[in-house]
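A closer look at the structure
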Amino acid sequence: MIKKCLFPAAGYGTRFLPATKATPKEMLPVLTKPLIQYGVEEAVEAGINTMAIVTGRGKRAIEDHFDISYELEHQIKDTSKEHLLNEIRTLISQCTFSYTRQTQMKGLGHAILTGETLIGDEPFAVILADDLCTNNSLNDTNGVLLQMLKIYNTYQCSIVAIEEVPLEQTNKYGVIAGEPINNSENLYRVSNMVEKPEPKDAPSNLAIIGRYILTPDIFDILRDTKPGKGGEIQITDALLEQAKQGKVIAYKFNGRRFDCGSVEGFVEATNYFFQKESSK
Ligand code: G1P
């Protein structure tokens, strides 16, 4: 059973300056909801209720968002605006949130290792909130994390979500190489993974997106992982150690993902969700 979801949320969000100067990038809204709330909703849909958030300086708005604001509640009680808080109120009542701070920015792998104190010795999910995922297929209503949990239940090893990207973009992602499992079109046993390779060095065009299920031995591996690409401790490098033992599966998910860490992806997500809401 996966009970906890880790949200690395300590990054500076420099691509969104000046908006992210005093506001965490995870709090940027797509329509009226901050990015991290979409992530928490995806975790809840997957049956996960314990949210573990790795924050840093200047991120207190995240804690306030997942808390009751008595003054605000009082102000809008019995007015026409009260319903606007219903969704977040329900979410808060369904989950627990705990926080720890990453005091130095040493990469995604280091952020995940910082979360060990909140996770302990059990398998867990990871959501990078700036990868906003939605299921756009009418036949399959499961979110990406729920799809991944089903695969975890069968294979009981680490799982990464992947999508095909244009070859010239491999240097923005962790990229995998793998063998299809039982001739499947969407499941691969990972044999190699490289963090942000140039196209000529990329083992494929299958890019990791911000959804992981990790087994807890990843923490010991991360402790021994040397800084890699960009001088940072990379989760991709730690996962490669598991992959060498055949213990990582890559899953080409059903649905659509928006790179809300980029202005272009953010605008696409906004348009997509606006269309979706308008057609309700
Ligand atoms: C991180 C990971 C990368 C992964 C990406 C998904 O990179 O290091 O392997 O492909 O998330 O969004 P970042 O985008 O934080 O630089």
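Heads up: the structure comes first, above all this text.
Only a predicted model underlies this, so the values are computations on that prediction, with no experimental measurement involved. (Residues numbered from 1 in each chain as written. Predicted model: local features only at pLDDT ≥ 70, side-chain atom pairs only at ≥ 80, totals over all residues. Heavy atoms only, no water.)

Note on terminology: disulfide describes a covalent bond linking the sulfur atoms of two cysteines. In the structure shown here, the tally under the stated rule is zero disulfides. Unpaired in this structure, Cys95 has its nearest cysteine sulfur neighbour in Cys5, at a distance of 10.0 Å. (Disulfide = S-S within 2.5 Å.)

Attention shifts here to the side chain of Thr236. Here Thr236 lies in helix 9 (residues 235–244). Relative accessible area serves as the criterion here: at 2%, Thr236 is assigned to the buried category. For Thr236, the side chain forms a polar contact with the side chain of Glu195, separated by 2.5 Å. Ignoring any residue separated from it by four or fewer positions in sequence, one finds Thr236 in contact with Gly174, Met193, Val194, Glu195 and Ile208. (Helix = DSSP H or I, 4+ residues; strand = E, 2+ residues; numbered from the N terminus. Buried < 20%, exposed > 50% of the residue type's maximum accessible area, 1.4 Å probe, protein only. Polar contact = N/O pair within 3.5 Å; in protein donor to acceptor, adjacent residues only side chain to side chain. Contact = heavy atoms within 4.5 Å.)

On the secondary structure map, Glu42 appears in helix 1 (residues 35–45). Setting aside its immediate chain neighbours within four residues, Glu42 contacts Ile127, Cys133, Val144, Leu145 and Arg211.

A separate point is the site of the ligand. Around the ligand sit 13 residues, and of these Asp131, Gly174, Glu195, Lys196 and Ile208 come closest. Within the backbone of Ile208, one N or O atom sits 2.6 Å away from an oxygen atom of the ligand. Thr236 has a polar side-chain atom sitting 3.3 Å from an oxygen atom of the ligand. The leading source of residues in the shell around the ligand is strand 11 (residues 206–214), at four residues. Its residues placed into classes, the shell around the ligand shows six nonpolar, four polar and three charged. (Near = heavy atom within 4 Å. Nonpolar A, V, L, I, M, F, W, Y, C, P; charged D, E, K, R; others polar.)

This part is about helix 4 (residues 86–94). Regarding helix 4, the residues found buried are Ile88, Leu91 and Ile92. Considered in projection along helix 4, the buried side chains sweep an arc of 100° and stay on one side of the axis. (Arc of directions from axis to C-beta.)

Next up on the list: the environment of Thr154. Mapped onto the secondary structure, Thr154 falls in helix 7 (residues 144–155). Residue class for Thr154 comes out exposed when judged on its relative accessible area of 57%. Separated by 25 residues in the primary sequence, Thr154 and Ala129 have C-alpha atoms spaced 26 Å apart.

A few words now on unusual backbone geometry. Leu17 connects to Pro18 through a cis peptide bond whose omega is 10°. Relative to the assigned elements, Pro18 resides in the loop between strand 1 (4–8) and strand 2 (29–30). Phi angles above zero are rare outside glycine, and Lys196 is one such case at about 45°. Residue position: Lys196 is located in the loop between strand 10 (187–195) and strand 11.

Here Thr90 shows up in helix 4. The class of Thr90 is partly exposed, set by a relative accessible area of 43%. With 80 residues separating them in the primary sequence, Thr90 and Thr170 have C-alpha atoms 39 Å apart. A distance of 2.8 Å separates a polar atom in the side chain of Thr90 from the backbone oxygen of Asn86.

Core analysis: the largest hydrophobic core is formed by 43 residues, its most contacted members being Cys5, Val40, Ile48, Met51 and Leu145. When residues in this core are grouped by element, the largest group, seven residues, is from helix 7. If we ignore the near neighbours within four places in the chain, the residues touching Met51 are Cys5, Phe7, Val40, Ala43, Val44, Cys95, Thr96, Phe97 and Ser98. Judged by nonpolar contacts, the second largest core, of 32 residues, contains Met193, Tyr212, Ile235 and Leu240. (Core = buried A, V, L, I, M, F, W, Y, C linked by side-chain atoms within 4.5 Å.)

Quick look at the pairing of strand 1 now. Judged by how many residues are buried, strand 1 sits mostly within the fold: five of five residues are covered. Neither face of strand 1 is exposed, since Lys4, Leu6 and Pro8 on one face and Cys5 and Phe7 on the opposite face are all buried. Two strands pair when backbone bridges link them, and strand 1 and strand 4 (residues 50–55) are joined in this way by five bridges, in the parallel orientation. Paired with Cys5 across the strands is Met51, a residue of strand 4. Sheet topology places strand 1 next to strand 6 (residues 124–127); two bridges connect them, and they run parallel. (Pairing = 2+ DSSP bridges.)

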